[in-house]
Amino acid sequence: MSGLFNSKEVTLNDARIMTKSQFITKYTSPFLVQVIELKLNQALSRTSVVRKTVTAEEMMSMQNPKEIKEIFPIIKSGRNSFANKIIVGRAPVQDIVINHANISKFHAFFSSQDGLNFAICDHGSTNGSSLNGVRLMDSEPKPLRDGDIVTFADFSYTYYSSEAAYDFFKGF
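Residues numbered from 1 in each chain as written. Predicted model: local features only at pLDDT ≥ 70, side-chain atom pairs only at ≥ 80, totals over all residues. Heavy atoms only, no water.

(A) Region of the structure containing the packing of aromatic side chains. By the definition in use, this model includes 13 aromatic pairs. Note on phenylalanine 23 and tyrosine 166: the rings are 5.4 Å apart at their centroids and 55 degrees apart in plane angle, and the pair reads as tilted. Taken together, the positions of phenylalanine 23 in helix 2 (residues 20–26) and tyrosine 166 in helix 5 (residues 162–170) put the pair 143 residues apart, joining distant regions of the chain. Look at phenylalanine 82 and phenylalanine 106: their rings are 5.5 Å apart centre to centre, the planes differ by 70 degrees, and that puts the pair in the edge-to-face class. Here phenylalanine 82 is found in the loop between strand 2 (66–73) and strand 3 (86–89), whereas its partner phenylalanine 106 is found in the loop between strand 4 (96–97) and strand 5 (108–112), with 24 residues between them in sequence. (Phe/Tyr/Trp six-rings, centres within 6.5 Å; stacked < 30°, edge-to-face > 60°. Helix = DSSP H or I, 4+ residues; strand = E, 2+ residues; numbered from the N terminus.)

(B) Representation of the sheet that holds strand 4 in the model. The five strands lie next to each other as 4-3-5-6-9, forming an open sheet whose pairing is mixed. Edge positions in the open sheet fall to strand 4 and strand 9 (142–143), since each of these has one partner strand only. Relative to strand 9, strand 6 (residues 118–122) is paired through two bridges, and the arrangement is antiparallel. Counterpart to isoleucine 120 in the pairing with strand 9 is lysine 142. (Pairing = 2+ DSSP bridges.)

(C) Region of the structure containing the side chain of glutamine 94. Mapped onto the elements, glutamine 94 comes out in the loop between strand 3 and strand 4. Given a relative accessible area of 6%, glutamine 94 falls into the buried group. Those residues in contact with glutamine 94 that lie beyond four places of it in its chain are Ser77, Arg79, Asn80, Ile87, Val88, Gly89, Lys105 and Phe106. (Buried < 20%, exposed > 50% of the residue type's maximum accessible area, 1.4 Å probe, protein only. Contact = heavy atoms within 4.5 Å.)

Any link to function would need more than the numbers given here.
In structure tokens:
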């Protein structure tokens with residue numbers, strides 16, 4: 001995807017209205033997606049403005065409803081000078097900004113030799129990074145696959161290629 005990233009809502013809507021081919025043509029880079037579980041009362045308040053009696057069966061079907069909280073495309077922003085690294089950090093100059101005190105200014109980075117296959121690497125961050133629950137060693141890149149869980153400090157995201165993201169987003 002070239003230029004600035006569209007909002008979460010635009011990306012999800014594109015997955016709904018585009019064919020897979022159109023979506024992966026527009027969004028060529030992979031994504032990090034953060035999904036959160038809603039409490040039942042949050043889910044109920046978001047389902048409808050109209051108040052109605054909810055049956056026990058409806059309540060059971062709403063157990064652990066989920067919502068996409070954030071979508072980050074893994075792309076260069078042009079805000080930093082590292083041409084071959086897509087940097088994750090708290091500092092506003094990074095490519096992927098997670099604005100939280102537990103995230104280091106330069107926390108981790110993604111790299112790719114071909115623009116299709118990506119690796120993640122911790123950059124000596126204070127609170128660490130992990131891949132599928134295994135802490136990353138400083139400056140040791142680990143290859144990524146669809147569905148991998150990447151955690152920066154205590155913020156977890158699922159890694160999806162553009163094609164896998166389309167399939168995932170279609171479900172929301």
